Amino acid sequence: MTSATATDWRQLLPEVREALSTFPEVEGVGLGVADTDSTALVWRVYVRDDQDAARDGVPTTLLGLPVHVVTARASVRTADSPFVTAGASIETNHNEGEGTLGCFARDSSGKAVLLTCSHVLFPGFRIIDDLAVYTPKYSKCCSNGVRIGTPVYDRSVKAQPAEGNEWVGGYHDGTWTGGFNWIPAKVRVMGTAVNGHASEFDCATARLDPGVKFHNAWQVNLGGSTTTIPLRGAVTDGHGIVPGPLTGTLPSDQQYVRIYNAVNGRLKFGTMLSHPATQDDPDPLVFTVGISDARDHGAGSKANVNQFLILPRPSPVPGQSLNDGYHNGEELTFEGGDSGSMVINQDNMIIAMIIRAGPIDEFFKLDRSAIEFSSIGNIAIATPIAKVLNFLQVSIPAVDKGWSDTVASAGSPSPLLLRGPATAAELARRRTAEELRGQLRTSVLGRLLLGKIPQHQKEVRRLLTSVRQVAAVWHALQGPAFYHHCVRGAEHPGHPVPDRINGVSRAQLVDGMLPLLIQYATPPLRRDLERYGRPVIGALLSVDTLHDVPAALARPGGRS
């Protein structure tokens, strides 16, 4: 058995899952033991067909641990289509841990989407090809996660640079920060207030897959029986809640809020913390100090400002005193798994979405003699729901029993969903692709390229995203930047592809990447790269725009 502990290897599991998710045969990945030695840890890789997996090069070891390929039966659903309720536990195939599906909404084109935190759908800000949302759990086993949707992002929305080598507001180099804005704030980092920038929200949507049935209602287990709590809509005018009571006083019905998610399976109660209103800060419920944590970047989050703070409270019981409530043994805290959970008031109207949890000592000088503060853990930080809906341009239908529907079938879902119908840029890219295909068919090398691209594109994408050496050189030699100019050339005829970016030439990119691709490629791709790589690339290095490619391949030197 390896000297590393199971805990050590389990911490690497998200990285291993991401690396292996690019193989089309892989259904799931887990940490387990070898079939022949119960003391030997291995990566157990579940595939549809072990022969396909071997042919496509699923590695025999990864990060120093053996890989055992297991043929898995396809998952069997208990119903024809998945049925999902608000508050469900969800995960993406990044597998960074569970988050909460807050609720369901309509996007600007009328399509059904799920609403949650950006860091739940894009952990570490990263995006991968075929990114998808699963419920109830994707990672617990290879085949028990049911796909329900596709996170919404748009590569054409470019992030803007910010201080500290940060990016915000869109796509940059394989990451998505489009669920945040960036405004000046006094930011609290692990208890120390510093000047910086923060975001007023941490939010994102995922377009629901065809056939998914959904209901804006919580299915809560109370006392051994399931209770349905409908989410009747969202408060978009005012806060929809009042400040909590003075210390030593039981809250009124109007002061309680409720939060539920299936990650911890508990219906939680709380009240709103407030601060003295001043001329500069007149709203007592909205806290204007940015809230952050040293682990934010790794989680895919940013400092947050202009938020509600929610104090956990004992579940109210008729006739129970304040002292009885705080001595009944109930755990009073919020957790990381609460991210994305909706907060509702006494009218079952959504007032906020939880984006993080943190120790109350970081925000208040506490009088621990007050019973409300004597035994609590984390408080919740939540964004007023109106800010979220306005930023994402979505709406939550107001229905007394909670909005419910079934997503209509409309063909196979796309691995990347843009916001709304096809944009002008996307249509331009399609037109350019068709024009280039027609022109490439007129030359030998052009026809060769058209045949080889669909044959090898999945493997090349996998090498660029999951082989560390390849990915490192690709980024160091400005590969994403050159690719971006190619995309711009598809959208705008005549857009030049620069010969040099940040001191790196196209020829240097080729010289660095081609040997690495050959080294890590499967035999079919290696053979084609060795035979055709230099002639094709040599012709392409001379072009100024994307539309020059067919002519370059048709020149006398490009016909062999």
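A. Quick peek at the packing of helix α11 (residues 506-520) against helix α12 (residues 523-540). It is the contact of α11 with α12, at a shortest axis distance of 10 Å, that shows an interaxial angle of 170°. Our classification of the angle between α11 and α12 gives roughly antiparallel. For the pair α11 and α12, the contacting residues are Arg506, Val510, Asp511, Leu514, Leu517, Ile518 and Gln519 in the first and Arg526, Leu529, Glu530, Arg534, Ile537 and Leu540 in the second. Across the contact of α11 with α12, the residue classes tally to seven nonpolar, one polar and five charged.

B. Geometry of the nonpolar core. Core analysis: the largest hydrophobic core is formed by 69 residues, its most contacted members being Leu114, Leu115, Trp218, Ile350 and Ile385. If we ignore the near neighbours within four places in the chain, the residues touching Ile350 are Cys103, Leu231, Gly233, Ala234, Val235, Met342, Val343, Ile344, Ile385 and Ile396. If you look at the next biggest cluster of nonpolar residues, it comprises 17 residues, including Val235, Ile241, Met272 and Val343.

C. Representation of the sheet that holds strand β9 (residues 112-116) in the model. Taken in spatial order, the seven strands of this open sheet run β7-β6-β10-β11-β18-β9-β8, and their pairing is antiparallel. Both edges of this open sheet fall to β7 (99-100) and β8 (103-106), since each of them pairs with a single strand only. Pairing geometry for strand β10 (residues 133-135) and strand β11 (residues 146-151), over three bridges, is antiparallel. For Val133, the partnering residue across the bridge sits in β11 and is Gly149. In the packing of helix α6 (residues 385-392) onto the sheet, contacts are made with β9 and β18 (204-208), and the angle to β9 comes to roughly 135°.

D. Layout of the pairing of β8. Inspection of the sheet shows β8 paired to β9 by four bridges, in the antiparallel sense. When the bridges of β9 are listed, Ala105 appears paired with Val113. A loop of five residues connects β8 with β9, the two strands running antiparallel in sequence, and Gly110 in this loop sits at a positive phi of about 85°.

Conventions used here
- Numbering of residues starts from 1 in every chain and runs along the sequence as written.
- A pLDDT threshold of at least 70 governs which residues receive local features in this predicted model, and a stricter bar of 80 or more applies before side-chain atom pairs are shown or counted, although totals over entire chains, interfaces and linings include all residues.
- Side-chain measures here rest on the full set of heavy atoms in the structure, leaving out hydrogens and waters.
- Axis lines are fitted through C-alpha atoms, for helices just across the contact stretch, and the angle between N-to-C directions can take any value from 0 to 180 degrees.
- Numbering of helices and strands runs from the N terminus; a helix is a DSSP stretch of H or I covering at least four residues, while a strand is a stretch of E covering at least two.
- The scheme is simple: roughly parallel for angles under 35 degrees, roughly antiparallel for over 145, roughly perpendicular for 65 to 115, oblique for anything else.
- Throughout, a contact is declared for two residues whenever any of their heavy atoms are within 4.5 Å.
- The nonpolar class holds Ala, Val, Leu, Ile, Met, Phe, Trp, Tyr, Cys and Pro. Asp, Glu, Lys and Arg form the charged class, and all remaining residues, Gly among them, are polar.
- Among buried residues, the Ala, Val, Leu, Ile, Met, Phe, Trp, Tyr and Cys ones that are joined through side-chain atoms within 4.5 Å form a nonpolar core.
- Burial status follows relative accessibility: with a 1.4 Å probe on protein chains alone, a residue under 20% of its type maximum counts as buried, one over 50% as exposed, and anything between as partly exposed.
- When DSSP finds at least two bridges between two strands, those strands are taken to pair.

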